[in-house]
Structures are given as structure tokens and as C-alpha cells.
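If you want the building blocks of each chain, they are given just below.
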Amino acid sequence: MPRSKKFRRARLIVIVLVVLLVAGVGYGGYRGVTAVRASFPEVDGTVKVAGLSAPVDVKRDANGIPQLYADTSEDLFRAQGYVQAQDRFWEMDVRRHITAGRLSEMFGDGQVDTDSFIRTMGWRQVAQKEYDTKLSPETKKYLQAYADGVNAWLAEHPGGEKASLEYAMLGAVNSGYKPEQWTPVDSVAWLKAMAWNLSGNLQEEIDRSLLAQDFGPDKIAELYPDYPYARNGTIVKTGTVNGDTYRPADGSAPSGAAPGAGTAQGAATTKALLQGLSDRIDGMPQLLGRPGQGIGSNSWVVAGSHTTTGKPLLANDPHLGPGLPSVWYQMGLHCRTASPACQFDVTGFTFAGMPGVVIGHNKDVAWGFTNLGADVTDLYLEKVTGPDTYQVDGKDEKFDLRKETIKVAGGEDRTITVRTTRTGAPLISDVSTEQQNVGKYAPNGSSAPDRGTGGYGVALQWTALSPGRTMDAVFELDRARNWDEFRAAAKDFAVPAQNLIYADGKNIGYQAPGVIPVRGKGDGSMPAPGWDSSYQWKPDPVPFTALPYSLNPAAGYIVTANQAVVDPSYKYSLTKDWEYGTRAKEITDQIEGLLKNNGKISPDDMQTLQLDNTSIMAKTLVPLLLKQRIDDPYVREAQDLLKDWNFHQDADSAAAAYYNGVWRNLLSLAFGQKFPADIRAKDNCLLVRQQDDPTKPDSSSKIVTQCGTRDPSKAQPDGGDRWTEVVRTQLDKPDSSWWTYIDSDHKEQKGLDNLLKEAMKNARQDLTSLLGKDISTWSWGRLHKLELREQTLGTDNSSIASGLVHKLLNRGPYRLSGGSAAVDAAGWNAAAGYQVDWIPSMRMVVDLNDLDSSRWVNVGGASGHAFHQNYNDQTDLWLKGKLLTWAYTPDAVEKATKHKLVLTTG
């Protein structure tokens, strides 16, 4: 039979294999348990690791969190590679296949489209250029040492033998697969996946274009309201830029010298042009969450003058997509003695597959990240004039061409041709046959060239497609000793652009880093005309010296939660698509309240604030809901739940369940009914009013049933922070056209009051069907559930991870408190349902007075082995809002040690 058919049939074997391996059925079950345990890492005794110059101690606590002690930096990172491979090599192997566009080599033809898209963007090629031309010799040494450590472990597990349960499963369908040696570029390439998932407003750019098929600029502007600067504020008080040097506003200490070394055409873009691209993005692996949406975070730092400890406190909880194993890996990297040969004494959260610590602290400084949300991606419509030419300023330019061959397990190789513009933007409309024709329907504006028979192409300009020095920055952060060294590290942090917060024993600070483009014409909110060179990016990005920072502001604290960094008076445009600051304002208000009432903030206060699940929007909306006269006792019974509600979205709250049900139905009636199917959730079928001519408000119309087409995780209206601002602004307009809706009797109704009544009625019906008629049994957690899913095997039934396999590898569901715009940001998409789709992926509180009193917790656990005791041992703590003690000093680590492994010279 054909190879591909054999491959598909072999998938069935996996089901039987896993049942026998894991379920414990007879002799096969016994052998299975033995095989699973054989993949667990050695954590006691002695192991030889080739290349070490001296022994390295690996001390693990009860949660399997390793602390490494070495005499040289190279030995430290060699050991880090070995230990991470012990716990997470399968995850690391899959990740490097993602970033190289080689998933099809592992999993077959179902991954060809994903591979094609990533190959077109060229993540691996850019990572190779970074390694070859940008990174320091020292960083290359560390990367190579890390790779040597991974390969030392791999030598003990040739071909993945006894490496993990997943390799046994993969072998049943792809027996020819053998893991390759790890390379330094495998580590660097992971930064591209980080950058992709934290890349700003690409989805908003697509969505605005798709909305333009039904709405004019004024209505779209109502769906993307201006940021509420007066109400929610900015991260720093906006200073000034003189020349290319940023000067903080009053109240922030000055710093030393900076460290050395949409258009009309876009607005009219049609469904055919952008929907294909949106579908392609939907198909991308989302190991960090969905790109640019819901990828937020909280961090704040409080000066020692305002704390009970007398020194700064720093908190951070990045919001990412949930999964197992956790995206984070906790670890300590310690030089036994500080010397030029060994300069690290750092601990925190790492990425498996990448050396160093990404977020954490050393003996002198602590730091945290939140997503800045800078607009670092632009789509360009390109006039393609031939197989290898496109038009710029009326003249033909040559594409840079390269061929990529995708090897497919169980199938034939596929070859694609990648075309790249002179600005380095790949033509992503070439990714598939379907998208080769995108742009055919883009209109011919008065200044646009004829599209001809081939239509327009669409190219992606993205800062991460140019080589940078972010890997240098990671090591520089890890050994920074003060504010100036911290800023020097931030200067090299190219992508993704993040808000960096800082603390040392005496100071607190903030720095905005990253490569942020300076545009010619256009503002990045809509696809730009590539045929007009005046829309291209300027050669130089925003200078680092001009990026905002703050050191010891007068307020005595700094909050970053994806709100605007600066106000519009700032010289450069960072983005038009900030989050709207709801979480940031709540954190700020809570800090101000603690300072007013208690005078000082304690580590316990920092931890408690991370769990604040207040619905700020409910404070505005609930009084309006309670004002409505409801005659139906069935609905009024639910309405009464809101009377004494404290606006806390606790998992056991019936009122929170009902309120969020009303919120979801309000959004559907007011906005979802009116949106094009392209941005509504698949299978979400609504009664909508369809106008004969959408460009003419008074044209005739009819009511029809229309189903959405978008992946539910990215459908709109999602109910997040932007939607709280959209609704807030429309509540002042009780006769707004957004309050016109189609009721359950297929009749058109108008007015805010009527819509609120309909939303309450529909929510009562929805929750009855989901939770039962007896409202005393309702709770938010019964609706708002989290399932931790094994991410690396995929989620569709065409992969080796069928539903049965996932049941064995996944954990949950768990009932969660919180909500999308709450500080305890357990996000859910109102257009899709109530299930949780992004979470605080870890939580930490650093105490600069006593680093051993710092606290941390991860979702899941240290191990990537599905049945290991540390695979999911931290999740219950995380659910309860508890944090683990974070041992740092040698004595504290020794006291916490439960297992000790010595890596010796081989």
C-alpha cells in the first residue's frame, strides 16, 4: 500500500500501544510501566558527561527543581543542557522541528502546511545568521557547551531509546525517525517562536481589514477605541526625546549615558486576501499561546521605602497558553566561586532547549517581563508582475528566490519556492496553492496598480526576520550587577520587545527594549501598498537611547500589565494597539490602597494581589443590569444573584457564572450578530441582518442564518480588555446602532435596555442548559475550566495524538477563578465558550532583602515525562494561589535538596 496509507494505519497501533503501556492491562501493562519508568532521569549517584573540566553537582528538591553548581561557565551550561535533556528532551526535539519547519519529518503530511509557512518566514535561516554574524564569541561558547551537554545525554539514549513515552509512540508510526545531534542554532531558533507569539498586532491588522468589508472607518474605530490615558495611565510618565536621547519626566531619576554598541488600499482589502493568511496563522503551533492576543502579563516592583522588608519587592506572572509540559522550566545556575572563569549565580525560569535564565534573579538584581506589544509586524500588498518580479514605484524588482524541500514521514517530499522582497519580507501568499491567488479580489484603488491576472501578493515585514543579539542579552541579564549593566543587556534584547522591570537592593526601574520599526507612510494598522516605497520601513529602528525608561520614580512603584508605555506626546510610535490598561489600573489601585491603609507592602501582599479576580467591568455593568425590570420570574431569579455580588470571580461563585454568561450574550447580540463570518467562531450560527449593499446604511436587508468560519480560539468578540472599553464607550449612547439586535423570535429590536434584558434572558437559558435549572448549584468554576493538554503531539485526530492518547497525557479539567481582564488572568474567549485558554503560566515574588524568602510556582512541574511524580505536582499549588519557597543560597539549597547527582568528567 502507499507509504502515506501505511503511516495513517500505523496511527491506530499507537492507541493499542499506549493502552498496553500505561493502563496496566496484564503483562503488557507491566512492561509498559517498566518502559515508562526507564525513561525517567537519574537524579542520584554519579554520571559521566563528556567534555566537563570538573564535576558538577545537580541538587534537586522535592519538586524536581535542579540547582547546578560548577567551576566554569562552560561546565555550568554543559550541565544545563544535560539536565534539561533528562527532563524535557522530547519537548526540545519537537520545538526545534517547529522552528526549523521540519515537523513533517516527525509527524507526516498533516504538518506540511505548518512547515511551509515557517520555512517561508525562514526562522532557522535567521537563527543561523544570528549565530554566524551577530552573537559574541563568549555566547557562542556557552551555546556550544549547552549543545554538548544535550548530546552527552543523547549519546546515552541513541535514537531516542528509553528517552520518553512519546518516542515509543512515535516509533509505532514512524520507526525510521532518530533524533539528530543538538546544535547551538537549535537553541537560538527558539527565540523566533517566542517572538512570533509575542509579536504585537498582526491579528488586529488582519481583523480590521476583514471588518472593512462590512463597516466603514467610523464604525471600525468604535471597535478599536482610543486608549483611556486619563483613566488607566501609562507605565512611565512620558518624558521627552531630545535628538535621540530619552529624558524621563520629573520624578524619575536620571540615568547615565545609554550603553554603547494603513492605507486606503489596505482598508479595502477583501476577505479573499486576508482570510487565507488568518487560517494559516491558526494552523501554527501555539506553544506560548495565540500570537498577539491574550499574550499579556503582570509585573510590578515596589521600592524598599514602601515595603515591610525595607528593600524592593518584585512580582511577575506572564500570561501564556496552557499546556503540558509547562513552557517554563525552573532552574538555578551557580558558580561555586565567582571568578572570570565563572560569572553566574542566577536562578529563575528558563526555556527547555535554551541556555541561561530568562526571568529571575541573581545575587544583585531581579527582573521580570511583560509583553510591550510593540507593532513590529506589517503586511504589504505586492503587485506581482511575473514569477520572479514585483513592482515598486512603477518599476520591476527581482524577488530573492530560494527553494525549500520538506521531507515527509510516510509520504513524498514537497518542494516550495520562497520569494522575498528587497526589504527582506517573504511573500507569505506563496505558502500554498490556495494562497497563491490571494489578492485577486483586492480592489483597484485610484493609486493602486492593476492587479492583473495573478492578483496581489501579501508579504510580511517583521523585525524578528533580521538577525539580532537577544541570546547575548540573556547571558548579560543573568550576570548583571546594577542598573547600568541591566540597561546594557536590555540594549541587546532585540525581539520580542518586552517591558523589563528591575530591582536591586536600593533601586527599582523600568526599561523598554526591542527593535521597533520607524515607518515611512502609514501607521501599521492596515496592510500597506508594497508598490509604493514611501510606505517601507526606515533603515534604522527607534534608537535604544530614545526608548522610555524609569529609575526610582517618585511614586515608589512601577506597574506593567500591557498598558500603554507612554502617551501620544512621545516622539515615536510604538503601537496603536495597546491593551487597555484594566489590569494595570486595578494593580495600581490595590498598591495605592495598601500604602494608604497599611503604609507598607509585604511579600504576602504581593502574592495576594496576584490572585485578585475582580471584574472591573462588572462594577459598571451590574448596576445597569439590576435597573432592568424583569417580569419573568425564571430570569429574575438569576438577576437576583447579582444584587449582593462583590464582583469577585471566584470559582464557587454563582453570581460570577451568571454575570459572565450575560457578558458573553451581550457581546454576541451587540457585535457578534453584525460581524462577518470570517471572524466569528466556527459552527457559531447566528441570526444576522444582511444588507444588500453594506456600504449604504439605508439599503434594504433581510435576516438570515449565518455560521462563523474562524478557529474558536481567535474568534471575535473575544470579551477581553479591548471589549470592556468598546462596551464602556457605547454605554453612554443608549440608542447606538450597536444595541440593535435580532431577538430569539427573529425580530429586530433596538436600544440598550432591551438588549440587556435579552442578554439576561439568554444567559439564564444558556446556564440552565450547561449547569442545570437549580441556580443554587451554579458556580463559575463549573463553566470556567482549564485543561492542561500535551502540546507537542498536536491536538487533531489525524496526528499520532488521538483523543485517547491525549486523555492519558493531559491533566484536568480544573475549575478556575479569575477572568480575561482580571489581574488573576484566567482568560477565556467569549465568542467560543467559557473554557480557559490562557493563564498566569507561572508566578513569582522576589524579596531583595532575603532572596531565600522569595517564592515561585510553575504550572505543571519540572518533568516532561507524563507519569513522573514531578510532571504535574505544582498545579494544585498554583490553583490555590500558593507559592513554593525559592531556595537560593548554598545553605538553603542544601537544606531543600532531596536528590543529588554528580556529573563527572567523561
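Along each chain, the written sequence defines residue order, and numbers are assigned to residues from 1. The predicted nature of this model means local features are confined to residues of pLDDT at least 70 and side-chain atom pairs, given and counted, to a pLDDT of 80 or more, with totals for whole chains, interfaces and linings taken over all residues. Note that water and hydrogens are dropped before the side-chain values are worked out from all heavy atoms of the structure.

This paragraph deals with the packing of aromatic side chains. Stacked, edge-to-face and tilted labels apply to pairs of Phe, Tyr and Trp rings (six-membered ring for Trp) whose centres lie within 6.5 Å, assigned for plane angles under 30 degrees, over 60, and everything in between, in that order. Applying the stated rule across the entire model yields 43 aromatic pairs. Note on Y246 and Y549: the rings are 5.6 Å apart at their centroids and 65° apart in plane angle, and the pair reads as edge-to-face. You'll find Y246 and Y549 in the same group, each marked buried. Here the aromatic cluster, defined as three or more aromatic residues joined through ring pairs, consists of Y246, W483, F486, Y502, Y549, Y570 and Y572. Comment: the charge-over-ring label is applied if NZ (Lys) or CZ (Arg) is within 6 Å of the ring centre and within 35 degrees of the ring normal. Here the guanidinium or amino end of K140 rests over the ring plane of Y131, the centre of that ring lying 5.2 Å away. Above the ring of Y224, the side-chain terminus of R208 is found at 4.6 Å from the ring centroid. The rule is simple: take the accessible area with a 1.4 Å probe, protein chains only, and divide by the maximum for that residue type; under 20% is buried, over 50% is exposed, in between is partly exposed.

Numbering of helices and strands starts at the N terminus; helices are DSSP runs of H or I of at least 4 residues and strands are runs of E of at least 2. Checked against the element boundaries, S841 lands in the loop between strand 30 (836-840) and strand 31 (842-847). Polar contact criterion, stated in full: a pair of N or O atoms within 3.5 Å, where within protein one must be able to donate a hydrogen and the other to accept it, and residues adjacent in sequence count only if both atoms are side-chain atoms. Separated by 2.8 Å, the side chains of S841 and W328 make a polar contact. Discounting chain neighbours no more than four positions away, the residues touching S841 are P318, L320, S326, W328, N858 and V859. The contact definition used throughout considers only heavy atoms, calling two residues in contact when any of these lie within 4.5 Å.

Relative to the helices and strands, E74 is located in helix 3 (residues 73-99). For the pair E74 and Q144, spaced 70 residues apart in sequence, the C-alpha to C-alpha distance is 8.6 Å. Contact partners of E74, with chain neighbours within four places excluded, come to K141 and A145. Only 3.3 Å separates the side chain of E74 from the side chain of K141, close enough to count as a polar contact.

Once that is clear, we can look at the sheet that holds strand 21 (residues 549-551). When DSSP finds at least two bridges between two strands, those strands are taken to pair. Pairing in this open sheet of 11 strands is mixed, and the strands run 1-34-2-3-8-9-10-11-18-19-21 from one edge to the other. Looking along the sheet, the strands with just one partner apiece sit at the ends: strand 1 (45-49) and strand 21. For this sheet, the mean angle separating the axes of adjacent strands, direction not counted, is 20°. Both strand 8 (residues 329-335) and strand 9 (residues 345-350) contribute to a ladder of 6 bridges, which runs antiparallel. For helices, the fitted line uses only the C-alpha atoms of the stretch in contact; every axis is such a line through C-alpha atoms, and the angle between N-to-C directions lies from 0 to 180 degrees.

This paragraph deals with the pattern of salt bridges. We count a salt bridge whenever a side-chain nitrogen from Lys or Arg sits within 4 Å of a carboxyl oxygen from Asp or Glu. Summed over the entire model, instances satisfying the criterion amount to 43 salt bridges. Across the salt bridge formed by E74 and K141, the nearest N and O atoms sit 3.3 Å from each other. Here K141 lies in helix 7 (residues 137-156) and E74 lies in helix 3, a separation of 67 residues in the sequence. Taking the shortest distance from any N to any O, the salt bridge between R469 and D492 comes out at 3.3 Å. With a gap of 23 residues between them, R469 in the loop between strand 17 (456-462) and helix 15 (470-478) and D492 in the loop between helix 16 (483-491) and strand 18 (498-504) connect regions that are remote in the sequence. Residue classification places R469 among the partly exposed positions, given a relative accessible area of 25%. One salt-bridge network, held together by shared partners, links D93, R96, R124 and D186.

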